[in-house]
2 protein chains.
Amino acid sequence: MTLFSRKHIDFLLHEVSDLPELLKEEYFSGHDRETADMVLDTAFEIAQKEIEPHFVDSDQKEANYENGEVKVHPGVHGFVKSQAESGLLSATFPEEVGGSQLPESVAGAAAFIELCHSNSFPMYTDLLSGCVKLINSFGTTEQKETYISKMLTANWMGTMCLTEPQAGSSLAEINTKATPQNDGTYKIDGQKIFISAGDHDITENIIHLVLARIDGAPAGAKGISLFIVPKNNPKNCSESNDVKTIGLFHKMGQKATPAVHLAFGAEGKCTGYLLGKPNQGLPQMFKMMNSSRLGVGLTGLALSSAAYYTSNQYAHERKQGRIPGGNENVLIAEHPDVKRMLLKQKAIHEGGLALFIQVYSYLDWQKAGKEIEKYAALTELLTPVCKFYGSDQGYHSVNEGLQVLGGYGYTSDFPLEQMARDVRILSIYEGTNGIQAQAVLGRQVQVNGGAPFQLLRAEIEKTLSHLNDSCLFKRDFETSFKKLQQVTSTLLSKQNPTELLADATLYTEFLSLICVGWQWLKMSLATEQMDTEFNESFKQTIGYFFRYEFTKCLYLSEILLKENKITV
Amino acid sequence: MTLFSRKHIDFLLHEVSDLPELLKEEYFSGHDRETADMVLDTAFEIAQKEIEPHFVDSDQKEANYENGEVKVHPGVHGFVKSQAESGLLSATFPEEVGGSQLPESVAGAAAFIELCHSNSFPMYTDLLSGCVKLINSFGTTEQKETYISKMLTANWMGTMCLTEPQAGSSLAEINTKATPQNDGTYKIDGQKIFISAGDHDITENIIHLVLARIDGAPAGAKGISLFIVPKNNPKNCSESNDVKTIGLFHKMGQKATPAVHLAFGAEGKCTGYLLGKPNQGLPQMFKMMNSSRLGVGLTGLALSSAAYYTSNQYAHERKQGRIPGGNENVLIAEHPDVKRMLLKQKAIHEGGLALFIQVYSYLDWQKAGKEIEKYAALTELLTPVCKFYGSDQGYHSVNEGLQVLGGYGYTSDFPLEQMARDVRILSIYEGTNGIQAQAVLGRQVQVNGGAPFQLLRAEIEKTLSHLNDSCLFKRDFETSFKKLQQVTSTLLSKQNPTELLADATLYTEFLSLICVGWQWLKMSLATEQMDTEFNESFKQTIGYFFRYEFTKCLYLSEILLKENKITV
């Protein structure tokens, strides 16, 4: 069974997004439509061969910790190898470090295809590539030489070590210690929890990027630095660097990726290497967090897609119940309530994916060196929105898919119950959605006198200007878009910042509906090249979105405009 | 940790509901406030001693099937025994069969208390008592004598056997066969799936109530009869009646209750006894289904309560993040976004439970012999609404509780992830919520020229008439209530029944918000007797409900009034 629509992906990349223009840029001159197609074909091949066969088994045989060793599912080993050998792992990196300068929009689509088949496997390589990005951005020449080629070939892997028992959402509370040594290195001492892929038996070394506090550093967020802390000595991988697994957390889902409790320097012998500048750990790390945030949101949409195609197939095989006036049981796909549940799922990932490709293309324009500030601002504003929408709506979508299957959906005879367990973490990973919402309303909407918001408005208005006034959804959109602007200025006029931020979650839901609604309008401008079957389905889905989802703007704005917040 | 508010329950029973008047009725003369209190104390005692200690363990050690035998968690054995010995199992039954004629409203509150501590254990005894209700309503004198005392003492247990592989939501498709024998009994032949507590090692016999089709019966729903089919010969329990377990379904949650695949008469030796009239199986079974539906909805609210008290405690222990302008981490319970998540949970089960107690009191008035038709009509209308609201909103509430705990919530270190798995089935059990919605809009709202809806309207208007016009929420309520009436008449005017029913799910969500909103207004009339602490909390929760939940009426009515359904 296919778990995604290649046609929709191609439509987004080649008809809706800026990719055709991006491919004319010098930076992307190694790529064209053909190489983009090949990348997506490769991703699907890996998904079918190296991920799908292990989806259920890797859930049933959870990563386990015994005799000091963490063993992960054998399928992960094969996947990581293929991802490296195929070149997908390094694809978006510059040619100078062994990458192929693939546009992020194409790489994002490829990731989406893999994620539809298991969301736990690609997490290993996403973390790995995130680490390389950081080392490539902030590392010394020596550090780059030591780590990058080893990592981009997956001989070594990597993790992000942020969370500590007392420092979860509030990273300012981190207290892992880094004590300077005479040779310029640091002794690392502390514990980290919830470290995804924090230990495993895939590679001879694991390169941890660890947030820690140099002795005497300022308190709070301004005293946190970033360190490279290899599990084993990078010059001799048989020599331990005193990084030990204390235990694994048992999770509701995502069982192929262990969440590890790590001790650094329990024996006083853990060496770390400063990455970038002292006390700049958090802003540096956020560079990686942004792509992880997009990855988490994208995972939600991929699970929505997988759930949709699974439940859609079931709905076209299962006969049950009659249409009023009918004499015979019909396929459940013919019942309006089931149609609604299926359209909900489809609308969520198709519209959501458009927004992600939009953001990936903003990243690409920055790489191409065009209007870097503008596209960086749009990326910063939309990244938490994407994370919020993809994880939150992905969760609702998967659960709607489970509902389509009725009692069967709750059993392990079908993959929906696993998907429902897997998807549940996404609104928590990489900053809870509540935290994302604080970032949106507390920072991005306010920064530079509201400049990013104005840039977004200009982008949206560009789309609106191309739309014929006869467009059925344009008026609804414009009404709610004006409302959003009214809500935004009302909130920003509040003197009390706690009051301003009290309903940030609802504000972000509202903003995400506007952004996804914008993408549906943008998509509607590009359907001319598509065939009748695509357009019939598109018409239904955009119709569903504006009627059932976008209408929520009505009640969200009503709440947001109320005075006297009751939660303050 | 307490997982429910006894104060809120007492408030509902003794200040808000009709219970004080009901207790003056002859039928309930054996009870007063003191006995009601004792029943609730007993339920809590059983919950603490016989349920809570096994909550996690019975999830980890799933019921298992080996060598033809189903073994369930030992804790279930103890619970069933206590439930029978304490008299709770038989409490609502008439004195003539060994019950104590306890009001349903008190029994419902007691069930709620138990369900807060595990939703899988009470399912055994709920099914048992449902079976006894059916036998008591439709059985011959001999059948009553054979089964009722054995069952109300939990020497034997009982199940409902409805679903077959091809007959899930559509029971009309049932094809288990019942062939008449010369002695007046029937040979039963067929398979049933998803039978909760369908086999176990607790009692020497299990009395299955089985829907089957007598040879030559009319096709469809009108040819289905109900049979008593004991697992073992009731005259000699060591003699098998050819009812075999084929296997168990592995479920996402609710693991203490096995979902069994049963074969009746695989060896041609299964005897069934007709219960009630031939071909009246479905209407008879629906009598039991209604109380099961209420039970499922109530379970959702109980899980909401358990999730609320668990996450509320965590939020009052966990310090993380600062309030804008503050210098120190505060308890997360002080963050507005967390307050909102906690209030959401509290509003859902406190308001929802009020609606349930309302419906239980309608059942009680029927037992007391007062205005039976009126209260039966209200019960029929509100039962699917309760099932819908409790299961759907219970699910949202539990997931909000998990979110409060962040990453910890996703791990087995806290009970939230188990609650989230357990609660997920409730919108499917006893008729999916989509089916409930069809029952509401397709039957209950239309039946007898809309009489039940008019009765509900009169009930609501009675509450409104007692409210002072200065009540802040009265106006909001009245606006949406009028809208509901407009939506209802617009929908009922549709010629095409498919179009009328297309958005039944949204209609039922809308109606449920009106019903729960009504209960919040009714509760607000009764707060005078309560102390300041209760009233402060009440003010916050009702404020939350009308601001954040009730406001959804706005967008639901907007969708429901749109022409040209896109799902038809």
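Every value quoted in this text rests on a predicted model; they were computed, and no experiment measured them.

1. Observations regarding the overall build of chain A
When helices and strands are counted, chain A shows 19 helices and 10 strands. In summary, chain A has a C-alpha radius of gyration of 24 Å against a globular reference of 24 Å for 568 residues, a match within 12%. For chain A, the C-alpha atoms occupy an extent of roughly 80 × 55 × 50 Å along the three principal directions. Scored against the burial criterion, the 568 residues of chain A give a buried share of 64%. Contacts spanning at least 24 positions in sequence make up 76% of the contacts within chain A whose residues lie at least 6 apart. For chain A, the exposed surface amounts to about 20,500 Å²; the carbon and sulfur share of it is 48%.

2. Some remarks on the interface of chain B and chain A
Each side of the interface is counted separately: chain B has 77 residues, and chain A has 77 residues. Interface area for chain B against chain A, summed over the two sides, is near 6,400 Å², with a carbon-plus-sulfur share of 58%. Ranking the residues of chain B by area buried against chain A places B:Y410, B:R547 and B:I566 at the top, with a combined share of 14%. Where chain B meets chain A, there are two salt bridges. Measuring nitrogen to oxygen at the nearest pair gives 3.3 Å for the salt bridge that ties B:R322 to A:E173. Summed over the shared surface of chain B and chain A, the result is 43 residue pairs in polar contact (both at pLDDT 80 or more). Here the side of chain B that touches chain A is built from residues that sort into 28 nonpolar, 29 polar and 20 charged.

3. A look at the nonpolar core
Ranked by size, the top nonpolar core spans 391 residues in total, and within it A:F477, A:Y507, B:F477 and B:Y507 carry the most contacts. Apart from residues no more than four positions distant in its own chain, A:F477 is found in contact with A:I460, A:L464, A:I514, A:G517, A:W518, A:L521, A:F546 and A:F550.

4. Thoughts on helix α6 (residues 104–115) of chain B
Residues and elements named next belong to chain B. Counted at 1.5 Å a residue, the expected span for α6 with its 12 residues is 16 Å, and the 16 Å between its end C-alpha atoms agrees. Most of α6 sits inside the fold, with 11 of its 12 residues counted as buried. Taken residue by residue, α6 has E104, S105, V106, A107, G108, A109, A110, F112, I113, E114 and L115 as its buried positions.

5. Overview of the domain arrangement of chain A
Residues and elements named next belong to chain A. On domain assignment, one finds that chain A holds domain 1 (6–152), domain 2 (157–283) and domain 3 (285–560). Every contact between the two is made by 37 residues of domain 1 and, on the other side, 40 residues of domain 3. For the pairing of domain 1 and domain 3, the buried interface totals around 3,500 Å² over both sides, and the portion due to carbon and sulfur atoms is 69%. Taken as a group, H8, F11 and F112 account for 17% of the area that domain 1 buries against domain 3, more than any other trio of residues on that side. At the boundary of domain 1 with domain 3, the tally comes to four salt bridges. A salt bridge links R421 to D59, with the shortest nitrogen-to-oxygen separation between them at 2.8 Å. Contributing elements (two or more residues each) for the side of domain 1 that touches domain 3: α1 (6–16), α2 (19–22), α6 (104–115) and α7 (121–138). A breakdown of the residues in the side of domain 1 that touches domain 3 according to their chemical character gives 21 nonpolar, eight polar and eight charged.

6. A few points about the pairing of strand β4 (residues 177–180) of chain A
Residues and elements named next belong to chain A. Here β4 pairs with strand β5 (residues 186–196) via four bridges, running antiparallel. Residue K177 lies in a different strand from β5, and its bridge partner there is D189. The loop that links β4 with its antiparallel partner β5 comprises five residues; one of these, G184, has a positive phi angle of about 90°. The sheet contact formed by β4 and strand β6 (residues 205–214) spans two bridges and is parallel. Residue pairing for β6: K177 is matched across the bridge by R213.

7. Observations concerning the UniProt feature "domain: Acyl-CoA dehydrogenase/oxidase C-terminal" (unreviewed entry) in chain A
Within the UniProt annotation, "domain: Acyl-CoA dehydrogenase/oxidase C-terminal" (unreviewed entry) is assigned to residues 279–440 of chain A. Helix makes up 72% of residues 279–440 of chain A and strand makes up 0%, while its end C-alpha atoms are separated by 24 Å.

8. Thoughts on the side chain of B:T185
Residue and element names in this part refer to chain B. Within the fold, T185 resides in the loop between β4 (177–180) and β5 (186–196). Take T185: its relative accessible area is 11%, and that puts it in the buried class. In this structure T185 touches T179, P180, T271, G272 and Y273, once residues within four positions along its chain are discounted.

9. Focus on the relation of the copies chain B and chain A
Both copies of the chain are related through a single rotation about an axis accompanied by a shift along the same axis. It takes a turn of 180° to lay chain B on chain A, together with a shift of 0.0 Å along the axis; the resulting RMSD is 0.0 Å. Such values leave the two copies arranged in the relation of a two-fold axis. Among all C-alpha atoms of chain B, that of B:Y555 lies closest to the rotation axis, at 3.0 Å.

10. A short note on the pattern of salt bridges
Taken as a whole and judged by the stated rule, the model has 57 salt bridges over all chains. Ionic pairing is found between A:E350 and A:K346, a salt bridge with its closest N-O pair at 3.4 Å. Taken as a pair, A:E350 and A:K346 lie in helix α10 (residues 336–367) at a separation of four residues, close to a single helical turn. Residue classification places A:E350 among the buried positions, given a relative accessible area of 7%. Of the charged contacts in the structure, one is a salt bridge between B:R6 and B:D41, with a shortest N-O distance of 2.7 Å.

11. Looking at the side chain of B:S304
Residue and element names in this part refer to chain B. With respect to the helices and strands, S304 occurs in helix α9 (residues 281–315). The class for S304 is buried, based on a relative accessible area of 0%. Those residues within four positions of S304 in sequence are excluded, and the remaining contacts are Q345, I348, H349, G394, S397 and V398.

12. As for α9(B)
Residue and element names in this part refer to chain B. Taking 1.5 Å per residue as the helical rise, α9 with its 35 residues ought to reach 51 Å, and the 50 Å between its terminal C-alpha atoms agrees with that figure. The largest bend along α9 measures about 30° and falls at K287. Within α9, 30 of the 35 residues are buried, which leaves the element mostly enclosed by the surrounding structure.

13. A word on the environment of A:I460
All names here are of chain A. With respect to the element layout, I460 can be found in helix α14 (residues 447–466). I460 gets classed as buried once you look at its relative accessible area, which sits at 0%. When the C-alpha atoms of I460 and W518 are compared, they prove to be 6.4 Å apart, with 58 residues separating the residues in sequence.

14. Some details on the packing of aromatic side chains
Residues and elements named next belong to chain B. On inspection of all chains with the given rule, the structure shows 54 aromatic pairs over all chains. Judged by centre distance (6.3 Å) and plane angle (15°), the rings of F534 and F538 are stacked. Note that F534 and F538 are positioned in helix α18 (residues 532–549) at a spacing of four residues, about one turn of the helix. The class for F538 is buried, based on a relative accessible area of 7%.

15. Some points on unusual backbone geometry
Residues and elements named next belong to chain B. One non-glycine residue, D242, lies in the positive phi region at around 60°. Along the polypeptide, D242 turns up in the loop between β7 (225–230) and β8 (243–249). Relative accessible area serves as the criterion here: at 3%, D242 is assigned to the buried category. A positive phi angle, near 65°, is found at N279, a position not held by glycine. Overall, N279 belongs to the partly exposed group, its relative accessible area being 24%.

16. With respect to the environment of A:Y555
As for its placement among the helices and strands, A:Y555 is situated in helix α19 (residues 552–560). Residue A:Y555 is classed as buried on the basis of its relative accessible area of 8%. What A:Y555 contacts, discounting residues up to four positions off in sequence, is B:Y548, B:T551, B:K552, B:L554 and B:Y555.

17. Focus: the pairing of strand β3 (residues 156–161) of chain B
Residue and element names in this part refer to chain B. The element β3 is largely enclosed, with a buried count of six among its six residues. Neither face of β3 is exposed, since W156, G158 and M160 on one face and M157, T159 and C161 on the opposite face are all buried. In this sheet, strand β6 (residues 205–214) lies alongside β3 in parallel orientation, the contact comprising six bridges. Pairing of M157 across the sheet is with I206, part of β6.

Thresholds, definitions, all that
- Residues numbered from 1 in each chain as written.
- Chains lettered and ligands numbered in written order.
- Predicted model: local features only at pLDDT ≥ 70, side-chain atom pairs only at ≥ 80, totals over all residues.
- Heavy atoms only, no water.
- Helix = DSSP H or I, 4+ residues; strand = E, 2+ residues; numbered from the N terminus.
- Rg over C-alpha atoms; globule rule 2.2 N^0.38 Å.
- Buried < 20%, exposed > 50% of the residue type's maximum accessible area, 1.4 Å probe, protein only.
- Contact = heavy atoms within 4.5 Å.
- Areas by Shrake-Rupley, 256 points an atom, 1.4 Å probe, with all protein chains shown as cover.
- Buried area = accessible area lost by both parts, 1.4 Å probe.
- Salt bridge = Lys/Arg side-chain N within 4 Å of Asp/Glu carboxyl O.
- Polar contact = N/O pair within 3.5 Å; in protein donor to acceptor, adjacent residues only side chain to side chain.
- Nonpolar A, V, L, I, M, F, W, Y, C, P; charged D, E, K, R; others polar.
- Core = buried A, V, L, I, M, F, W, Y, C linked by side-chain atoms within 4.5 Å.
- Expected span 1.5 Å × (residues − 1).
- Domains from an automatic or database assignment.
- Pairing = 2+ DSSP bridges.
- UniProt positions renumbered as here; feature names shortened; annotations may be inferred.
- Least-squares fit on C-alpha atoms with pLDDT ≥ 70 in both.
- Bend = angle between axes of the 7 residues up to and from the residue.
- Phe/Tyr/Trp six-rings, centres within 6.5 Å; stacked < 30°, edge-to-face > 60°.

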